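What follows is the residue order along each chain.
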Amino acid sequence: MAIASSQSASRAETERRFERLAHYIDLDQYPIHDLSSPRASALIERCHEMMRAETLCVLPGFLTEAATREMAREVEAVEAEARPNKYPATAYGWKDNRGFAEDHPRRRLHLRDVGILTTEQLAADGLCLDLFQFDELTEFVRRLLDLDTLYRWACPTLGVMINVMRENQRFGWHFDANEWAVSLMIQEADVGGTFDYVPLIRTEDDENDDGLQRVFDGVDTPRSLKIPTGAFTLFMGRRSLHRVARVGPTARARVTLLYSYDQSADMVSPESVCLRVKHPTADPFMGLESLETDS
């Protein structure tokens, strides 16, 4: 009798968990709860094809309309607390960019102007943090990246972040220090705020300075994408140059939810990085030497 009661309770808990996940994610389109199914296998292969072609996977309508509305309201309630990060920065934040001429691509500065909400500023029982805790989502990302292991960041500051951008704000050209970035579009701006990118413009052995210079000077045109509200995005940004273009006139902010994952458990951000986000300055961020100076 006790065994039957335990099994019944387990089934009920599983059903409640499924209902919560279905509230967040359109499981009819994106069956991440059943990754062994043929439909899920086809979805993962489609995502792999997008990644091979574009280093970018965009899944429109990944979040349900109800979830995006609720998340938008949750962010709006704390939006005034977003820290205004506004400073010029090089595209190579994790590199030592000393020893290059001022007009060299490694020294070129690009404006970053964005409001940032960090993990500890978000409601502990809110949707933004709750969705991050679903193993099904972590496993889905692992499958897309074709990795043996993947863990959610344990960082209490930068594990989950929200970028808030209003009229005239932008996030200039850069590469990511990490191999990949996962984001969810909670709210689009009315005008502008496109995601502009140049896939695989550099390698670890060839920085392609001439190619970067042409993009920075506006000679070569990047690919540009208006990411829709509710979309899931996975982007390989360490070798692909990218930016968020200037937001135009808009009645609503461009709001992006960022989830961080790593192959190592218990991953946390360096204290110098956390402090720079939590206590922003207008000083130019020149890369590794800026972190060394801060620490």
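Further up the page is the structure itself.
Residues numbered from 1 in each chain as written. Predicted model: local features only at pLDDT ≥ 70, side-chain atom pairs only at ≥ 80, totals over all residues. Heavy atoms only, no water.

1. A closer look at the overall build of the protein chain
Basically, it comes down to this: In this description a helix means any DSSP run of H or I spanning at least four residues, a strand means any run of E spanning at least two, and both kinds are numbered starting from the N terminus. Three exposure classes are used, based on accessible area relative to the maximum for each residue type with a 1.4 Å probe and protein chains only: buried under 20%, partly exposed in between, and exposed over 50%. The accessible surface values rely on the Shrake-Rupley method and a 1.4 Å probe; as for residues, cover is taken only from the protein chains in view. Positive charge is attributed to Lys and Arg, negative charge to Asp and Glu, and no charge count is given to His or to the chain ends. Working definition for charges: the position is that of NZ of Lys, CZ of Arg, CG of Asp or CD of Glu.
In terms of regular secondary structure, the protein chain is built from eight helices and 13 strands. When its C-alpha atoms are laid out on the principal axes, the protein chain stretches across 75 × 40 × 40 Å. The 295 residues of the protein chain split such that 51% are buried. Here the protein chain displays about 14,300 Å² of accessible surface, and carbon together with sulfur accounts for 50% of that area. The protein chain carries 34 positive and 48 negative side-chain charges, and their two centres are separated by 2 Å.

2. Let's talk about helix α5 (residues 135-145)
Where α5 is concerned, the buried positions are L137, T138, F140, V141, R142, L144 and L145. Downstream of α5 by one or two residues, D146 has phi in the positive range, about 60 degrees.

3. Quick notes on the packing of aromatic side chains
Definition in use: Pairing of aromatic rings covers Phe, Tyr and Trp, the last through its six-membered ring, and needs centres within 6.5 Å; plane angles under 30 degrees mean stacked, over 60 mean edge-to-face, and all others mean tilted. Whether a charge sits over a ring comes down to the Lys NZ or Arg CZ being within 6 Å of the ring centre and within 35 degrees of the ring normal.
For the structure shown, the criterion picks out 13 aromatic pairs. Between the aromatic rings of F132 and Y261, the centroid separation amounts to 5.5 Å while the plane-to-plane angle is 55 degrees, which identifies the pairing as tilted. Here F132 is found in helix α4 (residues 127-132), whereas its partner Y261 is found in strand β13 (residues 261-262), with 129 residues between them in sequence. When its relative accessible area of 4% is taken as the criterion, Y261 is described as buried. The rings of Y30, F62, F140 and F232 are connected pair by pair, giving a single aromatic cluster. Lying over the aromatic face of Y87, R276 brings its terminal NZ or CZ to 4.6 Å of the ring centre.

4. Observations concerning empty space enclosed by the protein
Where we set the bar: Only protein atoms enter the 1 Å grid, on which a cavity is a set of points fitting a 1.4 Å probe that cannot get out and a pocket is an open set with protein on both sides within 12 Å along at least 5 of 7 lines, lining residues being those with an atom within 4 Å of a point. Grid points are joined across faces, edges and corners, and a volume is the space filled by probe spheres set on the points.
Applying the stated criterion to the full structure yields one cavity of 30 Å³ or more. Roughly 30 Å³ of internal volume is contained in the largest cavity. Every residue lining the largest cavity is listed: M185, E188, A189, G192, G193, K226, I227 and R254.

5. Section: the nonpolar core
In plain terms, the rule: By convention a nonpolar core is built from buried Ala, Val, Leu, Ile, Met, Phe, Trp, Tyr and Cys residues, the set being connected through side-chain atoms within 4.5 Å. Whether two residues are in contact is decided by their heavy atoms, any of which lying within 4.5 Å being enough.
Ranked by internal contacts, the top residues of the largest apolar core, which has 51 residues, are I32, F62, L131, F140, F232 and Y259. Those residues in contact with L131 that sit more than four places away from it in its chain are Y24, I25, L63, M71, L137, L184 and Y259. Counting 13 residues, the second-largest nonpolar core is a separate cluster that includes V114, C155, A189 and V247.

6. Thoughts on the layout of surface pockets
Operational definition: Charged residues are taken to be Asp, Glu, Lys and Arg, nonpolar residues to be Ala, Val, Leu, Ile, Met, Phe, Trp, Tyr, Cys and Pro, and polar residues to be all remaining types, Gly included.
The computed volume of the largest pocket comes to approximately 1,300 Å³. In terms of lining, the largest pocket is formed by 45 residues, of which the most central are M161, F171, H174, D176 and A177. In terms of residue count, strand β7 (residues 181-187) provides more of the lining of the largest pocket than any other element does, five residues in total. Classifying every residue of the lining of the largest pocket by side-chain character gives 29 nonpolar, 11 polar and five charged.

7. Some thoughts on helix α6 (residues 209-216)
Every α-helical turn comprises 3.6 residues, leaving residues that sit three or four positions apart pointing alike. Condition: Along the arc lie the directions from the helix axis toward the C-beta atoms.
Within α6 the residues assigned to the buried category are G211, L212, V215 and F216. Taken around the axis of α6, the buried residues stretch over an arc of 135 degrees, which confines them to a single face. Contact partners of the buried residues in α6: β3 (110-117), β6 (170-174), β8 (195-198) and β11 (241-244). Backbone geometry just downstream of α6 places G218 in the positive-phi region, at approximately 80 degrees.

8. What about the pairing of β6?
Along a regular strand, successive side chains alternate from one face of the sheet to the other. Put simply, the test is: Note on pairing: two strands pair once DSSP finds at least 2 bridges between them.
Across the five residues of β6, four count as buried, placing the element largely inside the fold. Bridge analysis of β3 against β6 gives two bridges, and the strand direction is antiparallel. Bridge pairing in β6 links D113 to R170. The pairing of β6 with β11 spans two bridges and is classified as antiparallel. For F171, the partnering residue across the bridge sits in β11 and is V244.

Taken by themselves, the reported measurements are silent on function.
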